[in-house]
Every structure is written in structure tokens, then in C-alpha cells.
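Letter by letter, the chains look like this.
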Amino acid sequence: MNTGALDRIHTQLLWDRLLAVVEEQAQTLVRTAFSTTVREAGDISAGVFDTRGRMLAQAVTGTPGHVNAMAASVGFFLNKFPVAELHPEDVLLTNDPWHGTGHLNDFTVVTPVFHGGRPVALFAATSHIADVGGLGFGPDGRQVFEEGLNIPMGYLYRAGKPNEVLLEILRANVRDPRAAEGDLHSLTACNRAGADRLLETLDEFGMDDLDEAGRVIIENSRRAMLAEIAKLPQGCWTHGMRIDGYDEAVDLVCSLTIGDDGIDVDFSGTSPVCGHGINVPLTYTQAYASFGVRCVVGNDVPNNAGSLEVVRVTAPEGSILNAARPAAVSARHAIGQMLPDVVLGCLEQPLGGRVPSEGASCLFGPVFLGGRGLIPGSVVEPFVINAFYAGGSGARPGKDGLDCTAFPSGVRSTPVEITENSAPLIIWKKEYRPGSGGEGEFRGGVGQIMEFAHARGEAFMVSKMFDRIKHPPRGRQGGQSGAPARVYVKDGPELRGMGRETIPAGGRMVLETAGGGGRGNAADRDSQKVAEDIEKGFL
Amino acid sequence: MAVDIGGTFTDVVLEPPVGPRYTTKLLTTHGHPGEAVLAGIGAVLEQSGLQAGDVGLIIHGTTLATNALIERQGAATALLTTAGHRDALEMAHEDRFEQYDVMIDRPKPLVPRHLRLPVSERLDRDGNVLLPLDVASLESALPVLDEHGVESVAIGYLHAFVNPEHELRTAEWLSQLRPNLSITLASEVCPEIREFERLSTACANAYVRPLMARYLERLAAELTDQGFDCPFFLMTSGGGLTTLETAAKFPIRLVESGPAGGAILAQEVARGAGMDRVLSFDMGGTTAKLCLVDDFEPLTSRSFEVDRVYRFRKGSGLPVRIPVIEMVEIGAGGGSIARVDTLGRIQVGPKSAGSEPGPASYGRGGTRPAVTDADVLLGRICADTFAGGAFALDNDAALRAVDEAIARPMALDSELAAFGISEVVDENMAAAARAHAAEFGMDLGARDMVAFGGAAPLHAARLGEKLGVRRVVIPAEAGVGSAVGFLLAPVAFEVVRSRRQRLSELDCELVDGLMREMRDEAEAVVRLGAPSASLSERRHAYIRYVGQGHEILVSLPVEPYGPTHGEIFRAAFEAAYRQLYGRVIEGVDVEVLSWTLTLAAPVQASLECGIDLPRRSAGQPAMTQPLFDPAGEARLEARVYLRADLSEGQNIDGPALITEDQTTTVVPKGWCAAVDTLGHLMLERRP
């Protein structure tokens, strides 16, 4: 019998096993994390890499923002700390936006794995830590220096000994040192869990290393992606989308080229770096842009160095999508999560039937702050809470968009009862926003309307990172735009989409999230669907 | 007597005071499920020669509630909820359960928007009234209920789990004006924080309640007519028994009763064999279910999703918060179909050939290769004795299916292709078990396994090898395992309350009062089924570090609580935390979110087990059959035994097959199997 054939089955089983190992790594991270966005929203990533820094498997988690960003990060680490110089009990760390996943809140931990005395793999994990000092999570910084503590790539553990100086600096610079330290422990522990499982697996399969299996995984995935791409028409298409930005509109311009050897996405023509914290480091641009492609091309091919390398993303230096240090980047997701809509706008041209319309895309995540020390005369404990809410998604080929559903972000919304138990707030209203879905043969998903007040009628502050207020999600193929987002004080003034503002004592903040764009002509809408919308009270 | 209604079969098991159990298996009668129940009961009585009046207890489990939810065949249901929040039920978590598929649809809510009726009222997080209940807003709901023929109503207000007064007053008012409505209070069925899950649970309960109440009452009446005068209990998803009255009020607690019965069986088999760390493995035609059983107690939780429509993916079903035996279910069964994906890899499931057309080897027109087809080609199923010889397996059809879908595209020979299918499905199950254990912070290492269900004994040893399992028990009567499990379940009831308490400032009087209240509530239920038994009480709390999102379940002492209990609870939490994560976190306060109390009467029956019999050879096999050997890549001659011919103490060395009507146990090379006093097969890996 052909032993080569059996080897192929073994390689597949090993591949399946690696996917299970990183899933287990991610589960461990989610379970032990402190940060709300991690455990409620799965704002993490976890993966295993070969010793050349090529990603072999990555857990499917809540955020596409980490997809290639973390993959690239391990390469940066290995440039600074060559694998030959690493020790079995070393653990490396950074939160550098340009070497990690785009803002200071994301900490990436890298752990080498040794088998038979030599390095065989690296595990990496990234997790969002709630507070890193500075101004706090928000778009108001003018330079990265204001946004918190920046830890360059370095040792968290060196030969098993914790880097106490680093931990002390961390504790002295963040608002909740125990949570931050707890999250670093949890990153370390999840890599350890992955490493232990990998070593067991190597023994079970009787393997010395991952070199050959890794080569097969990468090569197979690359070929599968190229085969998917080969089914598409070749050519170059350009698309632009204007969004609100911080204080002036931002143009996101994309040209997408489908060729023999992959897909190239370039953002030439995009607006320049902005003076506030919505700038995007290139790795994060690459993550969201390639996610946009992968939603419709090869979405069943696992993420690894092979499948990722055939979608190449570039942006001109100095543009808002390739911002260099020391640009402020804290709220880089506000721009990053708009990128799939732009990429899909390009793909719409050759693939008309397979692409959803623009959706709210922005994840509406107000940060509420208040209490003593912040609000004069306040009698309540200081509080800060970051809640998340979605708008409508774009209408899809043959289907309406999803009502109040996050896309491209995978973040879950925050329950009303949890918010009210975590902060002295009352959410008087949280309901669908009728009429907000863009009309069309297929309707955009509707957004929602929410009213927030202080439980004791005190003034409170809100830090906002909202878009789609001036530039609503557009329809495709004759579909109408979704309703723009709005944020205002009830019976009072409109608020800005970005930045921190105060809601006066006794006031309510109203947030209306955007509806998704429609698809096709409204006149062609099925009468049954119209009747359903009327029954729902959506029209 | 135990009766289990499943999707395909209704199983009945009668346990006489002495001697072997009587069992029967009938097709479920979907229109009138009671028909098969009564027919099955009649059949086992006849086998045993006993009369209805001789039966001391009837225990019933059913998937009817689950089916009604999956097929959306429940009552026209409305939800009365806090004005301004009527869409919480449908908005759910506002996320997508599959990141890369833009075409997914979110689960449809059981109550459509036009029947989610706003009521003007509002409580704050402590249960204080911010807006009083406005009866006028209730009145405007009445015409809507009438117009849409609403039969069942769920009432669920924000924070009412802390103070149910508005819900109670609404129910009282409504039951006076519309006495025929079935009314479910969210604060009763699920008094827990997080509005979406609570409302989802309440609506699911309301949705199935009229149907289940009618069914249960009718069945009880029919049993009485037939001369049964014994207690009638229902099996719950949490693994305990409950009364007809409670089941008719909270039918949502019955949804996973069949699988719970299986887990109880595994637990009792484990107890009998003294296996304190067990993986329960149930593999049928469509899915596999895995459950961790430590110290003879299955892992339990309070969350379950009914009807995961998208590849069994988390988030694609309807969440209900009820006491459940926690298990992971994946699309891996004998009928799971294999294919080659775009990356040239073998993929198995979650699509299943089901029972129609079934695997290709069933010869009923199936052309795509299923796991069973691979098992046939590898020599694991003995064609001559399959299904008691009732129908012949079509080896050629299996070969054609595997060749066409797998061997040819992958350029493998047929046997290796079949081996690939089998390995992939086993790997999928192993991966699911590992991720499940990681999610719950449990250790999978060094476990024993209890395997039952039609396909499990074929795959148990190999799955065990992948997971480092040393011993595998294949229980007797594995084919009616859930029903046997029912006989082993205690009369028990679990009560939960969410009251957030920081342990540094624990209000021990409040918690003590809460526990008394919960005990009274549980006792009222348990006493109906066990009027005079001495009851055992267990208390748990869901505890976390302040700021952390994941609570862990911590066992609490059963005693009056005083000022020192903040420290005692913290110590208990830290011990549990350290066991899970290997460390504790100094200086961070600890908080309890929810408290649970379970009251249980002693178990009705028990399994004793004697495995350490002197072993003797099983003698000559009935026949031999070539069996694929992965290590040697060749065929080995496996000895084939009929399970019915084996007696206690007999030992069989692998490679061997032990066949029975419902399944075949594969004893690979390097393993041996012994028969214990109860007829269980004990597979052991040779060191």
C-alpha cells in the first residue's frame, strides 16, 4: 500500500488538530480574560506559527481586525528576537500599534515552543485590555503619546523569570492595574495551553517538528485561494466611499485588481492622516481590507500564511490608512471597519450578484463616564462603561439585510440589565428604528433607537466614535441609502459623532444607529415582504 | 417503568423487582405520541406478566417540547414587556454566529414583533419602581391578543427577577380578564439577569406550554384509565425528575431529557465501575454528544440552545436558561456524509444521510458516502449480523460511494479513503471534546469513557486513543440507554436567583433568607414526588472576580450563613479558581451573580457493578472477519462474537468485533474487552 497516501491523511489530521489547538488556546483566553470586550465580544486572536513566523492556523474569533495584523506581528518579533536566540521559557510582549494590532489597548504575547531541545513553533495571542492609561480609549488624542503606555517588543518572561520592571511600569500607568496584569497572565496561560497541546500532538503523531506539515498547509491553502480567485473575472476596479471622519469627511478610495497570482487592493487616493485618533496603522488596514475580500472569495479556506498571502493590501504612506508613528490611532477601528464596504464596492463591479450593499458597518460603542471627580457635585462613585450597539447591515443578494446586526465587527451588544448594573444609567428605550433600512427590492437592515439617562439625573459624559451620521450607507443596484445615524440630547442639541461631550443634568442622550443600504428597485419588492414590514411596524 | 420519546423511536423499559429488565422500541407516533407510549407500556407488561397496578413508578422523558420549538408548532404566543424594550427578544446579541458568511440568517424569534406588546412600567436594577405599572397600557394589549387568537402569554419586564411585583400584578389582572390564557412569568421560569436570555426562555416556555400541558394531562388520564395508580414523573434536562404539575408549568425544563437520561446512565455506570473521571460519548445517526462526568456528577450549566440550525454553531439556536446537563453536540454520526473540500481535505458532516435514504450501504438509494459506509469497508460492521440480520448491507454500494466522492478525487485507494473518513470524524469529535473541556476549564486528560448509541461502540476505542482514554465501558442495553438512565435519576428540583453580592460586603442575612426561600420553593416541588424521603440539599453560586466576565460554579456549604461566610465563600471560590486556572488573583474583590439550590430525593434504582471478576477466555468466536488495521496498513483477522452469547467474566483480546442488534463494538488490536456481572463490556488498553 502507498505510504505516501497515509502520510497525506496524517497531514490532514494534524492540520485539523492544529485548528483544534488554536481553538482551545482562544477558549482559554476568553474564559480567563478580564476585559469586557474580550469575554462578551471575543475581541481576541490566537494562532500558531512556524519558526519562520508563518502562521499555520488561527482561531476563528469575534474580530476580523486581528486577522492579518497578528500574523504580521510575529514576523516583527522574530526580526528583533531571532528564533535561535530564544529560550524555552521566554514569553514576548508588545502593545505597539505598528507591531501589534493597531492600537495601544491590544497586547500581543508570543511564546516559543521547544521540542527535543529545539524551537518548533510559536504561539501568539492578542487581547484587548480595557485601559492603558493616557486619555483612555477614544479618538481625542492628537498623537499616540497621549493615548497611553506604549510597550515596545520585549520580554514578559525571560527564561521563566517575569520582567518585574515592565510589570511595575505597567501597573503605575494604567487605571486598573489588576485587570491589566490579569489579562497578561491570561494571554500567557493561553499560549502555554496551546504549546502543551502541540507537544502532545507531536508525540502522538511521532513527529519532530512542523516543517513539512506546515509547508503542506500553507501550500494547499494558497492553491485553494488561487483556485477561487481563478473563477473570478480578471481586471481592475475602483470604488470610493466618503465617511464622516473626526471633524472632516474622509474619502476611502480603493482599487482592486484580480490577477493570476492573487488579488491586490490599493488605497491610493484615500484622505491623509487626521489630527485625531482615528488613524490606521497599515497592518490593521490589511486586516479589514482582506476580510472584505474573504467574505465573498474563499470564505471557507482557513486563515494562514498561504491563504493570506494571495490577497495583498497596500496604502500610501501618510494616508489615513497607513499612518506612521506618532499619529494617534486609538479609535482606528472607526475607520478600519468601514473598509470591507469599500472593498465590496470594488467587487460589486465584476461580481454584481454576490455582494451585499453598504451597511452601518460602524459599531456604535459609546463610552459613558461620570461620577465624583468628573462631574462637579456628583454623589456617585466614578464610573466608566463601554457598551456596544449595532446598526443595520446592507441588503444581500436575494435577501434583506440583517436588522441591528454588527458587520464586519463580530462584537456582541451589551445587555441593558448588565449596563444598568455596572453604571448608574437608565436605558429608557432600545428598540428597532422603523423606516431606517434603505429601501429596495431587498431592504437594508434597520438600525435602533436608544435613550440613555443618569439614574439620579446627574450630568454625565459620553465619548463617541460614531460614523455614518453625515454619510449614510448607500444602496447598490438602485437600492436606497439607509437612514443616517444620529446622536443628540433629547429635546436638545445634536451631538458630534466623535469625541467627548457632556449630557446635562436631567438630560437624555438619544442614539439612533444607521440602517443598512437597500438593493435593487423598491418597486420590485415582493408584496408579501411589504406586508411583513407593515405588520412589523417597520414602514 | 421508564418511557423515552425520541425523534424516531419511543423506548420503554420496565425494571422488575428481580431479574432482567424488559425493554421495547417502537416508532414514535408523531400525531399522537401517547399511542406509542401506551403500546410500548402494554408490550413490556405483557413480556413481564405484570399488571398495571404492579408498577410502582412511571418516569417519562420526551422530545415533544423540543420538536415543537424546532418545527415552530407551538401556540400563538404574545410577550408583554417593558415599553421601549420590546425588540430585545429579536435583537439578541446583535452579532453574527458565523464571521465569514454574509448570507446567514439569525434565528427567528418565537414571538413576532406585532405580538410583542409594550407595557408602561419600569424598575431599576434594585427592583425599585421608576414608573408604576400602567393598567391602561395593559388594556390596549387585550384586543391584540383576541384578534390574533393568542393562547399563551409570556410576561417579562426589565429587572423583574429582582422584584416580580409588576409581573405578578399583570398576570393576576390578565388571568381575571382572560381566564383561559396560559401565562408564563419570566421572573418564575428564569429569575436571572440578562434580559435577552430570560425573555427567550420565558417565550419558549410559553410557546410549548399549552401543547405540553394538554399532552401530559391526557397521558396521565389514560394511564389512570388503564389502572396505573403510581406516581408519574417527568425527566428534566438537568438530570432530575419532576412532577406532572411542575412539568406542565415549566415544560421548557423538559427539552433535553433524552440526552440527560444518557448522561445519567453514564454517571451510574461510572459510579458502579468506580471511574471518577469519565467522558460520556453518545453517537447516533446524525450527531455525537459528549459530556464530562467528574466524581459521578455530570457537568451542569444553565444555558442551552435549542435548534442550532447552522452546523450546530453556537448562537444559531434559541437560547434557554434552564438547568441542563452540559454537553457538546456536533454533526458527527453514522449517517454523516463525507466529501472532499476545496483544499483537498476530507470533510465529514454535519450533513447527514439520516434514516432516509441512509448510508449507501443500506441500499435504499443513498449514493453519498456516510461514516457507516466507511465502517463497513473497514470491516468494522459484520454484514451477516447487522440489525439482527434484518437487512443485508450493500458492500458494493458503500464502495462505489466512497470511491466516487473520496478515493478518486484524492487519489487514494478505497480502503485508505474509508480510513480517512473514519479518522476525520473521530478527530472532529476529539476536537469538540477538547474545545468543550477548555471552555469549561476542565481537564480532559486521563479519563475513562462510557459509550452508547448506535455508532459509539464502533468509534469509542479510536476516539479514546486520541483523547488518552484508557478504559471504555459499553453498557448493556445501550440501545435504550436514555430510558435506563431515567430509572436512575433522582426526584430533584433546582431553583436559581440572581442577587449580586460582593463578598467583601456580603449581606449574610439576605443570602440566608434567600436560601430558605429557595429551599421552600424546591421542597414544594420535590415533596410532590417524594413525600417522606429524606432530602439532600446542594447549594452553588456563580462567582467571579469583580471585573471578570465569566463566572465559575462554586459549591457552597449547606448551613446557616453568618458574618464569616464572606471569607468562607471566597476560600471556596479561590480553591475552585485555582483548580481551573492554576492561580488566584490577589487583592481583587469577588462577587456572586447567581445562587442555586438543588433538593433531591434518593435515587429509585441503582446499578451495581462488579468488574473485577476472574477473567476467562471467551472461547471460540462465532466467525472471523478481516478488519483494517491503521498501524499495519493491512487487514487483520478479527474474531467476531455475538454479545448475547457472552457471559460474565469472559475476556476477548483485540482485534475483535462484538456484535448485537443495534451496534458493533470494535476491540482494536492492543485492546481487550471483558464482560462484567451486569453485561457491560469493559474495553481496556493494554499498557
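Look up: the structure comes first, before these words.
The rules behind the values
- Residue indices follow the written sequence of each chain, beginning from 1 at its first position.
- Each chain is given a letter, starting from A, and each ligand a number, starting from 1, according to the order in which they appear as written.
- Whole-chain, interface and lining totals are the exception, using all residues; otherwise, since this is a predicted model, local features are given only for residues with pLDDT of at least 70 and side-chain atom pairs are given and counted only at 80 or more.
- Calculated side-chain values reflect all of the structure's heavy atoms, with hydrogen atoms and water omitted.
- In short, DSSP must find at least two bridges between two strands for them to pair.
- What counts as a helix is a DSSP run of H or I of at least four residues, what counts as a strand is a run of E of at least two, and both are numbered from the N terminus.
- In this analysis, axes come from line fits to C-alpha atoms, helices being fitted only over the stretch in contact, and the angle between any two N-to-C directions falls in the range 0 to 180 degrees.
- Comment on the angle field: the value is read as roughly parallel under 35 degrees, roughly antiparallel over 145, roughly perpendicular from 65 to 115, and oblique elsewhere.
- Note: crossing handedness is left-handed where the near helix turns anticlockwise from the far helix by less than a right angle, and right-handed where it turns clockwise.
- Contacts are assigned to residue pairs that have any heavy atoms within 4.5 Å of one another.
- Residues are grouped as follows: Ala, Val, Leu, Ile, Met, Phe, Trp, Tyr, Cys and Pro are nonpolar; Asp, Glu, Lys and Arg are charged; every other residue, Gly included, is polar.

1. What to know about the sheet that holds strand β18 (residues 498-503) of chain A
Residues and elements named next belong to chain A. The strand order β13-β12-β16-β18 describes an open sheet built from 4 strands, whose pairing is antiparallel. Every interior strand has two partners, whereas the edge strands, β13 (383-386) and β18, have only one. With strand direction ignored, the average angle separating the axes of adjacent strands in the sheet is 15°. As paired strands, strand β12 (residues 367-370) and β13 are joined by 4 bridges and run antiparallel to one another. Counted as the bridge partner of F368 is I385 from β13.

2. A word on the packing of helix α4 (residues 164-173) of chain A against helix α5 (residues 177-205) of chain A
All names here are of chain A. Orientation of α4 relative to α5, taken along the N-to-C sense of each, is 140°, at an axis distance of 8 Å. Relative to α5, α4 is oriented oblique. As for how α4 packs across α5, the hand of that crossing is right-handed. On the side of α4, the interface is formed by L167, L170 and R171, while α5 contributes P177, A180, E181 and L184. Taken together, the residues that form the contact of α4 with α5 break down as 5 nonpolar, no polar and 2 charged.

3. Comments concerning unusual backbone geometry
The phi angle of most residues is negative, glycine excepted, and most peptide bonds adopt the trans form. The residue after R325(A), namely P326(A), is reached through a cis peptide bond having omega 10°. The topology assignment puts P326(A) in the loop between β11 (311-314) and α9 (333-336). That bond from G349(B) to P350(B) is cis: its omega, 0°, falls within 30 degrees of zero. Examined against the element boundaries, P350(B) turns out to sit in strand β22 (residues 346-352). Of note, D491(A) is a non-glycine position whose phi angle comes to about 55°, a positive value. Looking at the element boundaries, D491(A) is found in the loop between β17 (486-489) and β18. A positive phi angle, near 60°, is found at H159(B), a position not held by glycine.

4. Considerations on the sheet that holds strand β4 (residues 58-62) of chain B
Residue and element names in this part refer to chain B. On the basis of which strands lie adjacent, the open sheet formed by 6 strands has the order β3-β2-β1-β4-β11-β12 and mixed pairing. With one partner strand each, in any of the chains shown, β3 (22-27) and β12 (241-243) form the two edges of the open sheet. Across the sheet, the mean angle separating the axes of adjacent strands is 25° when strand polarity is ignored. Contacts from helix α8 (residues 195-225) reach β1 (2-5), β4 and β11 (232-235), with the element oriented near 145° to β11. Where helix α10 (residues 257-273) meets the sheet, its contacts fall on β1, β4 and β11, and the angle it forms with β11 comes to roughly 90°.

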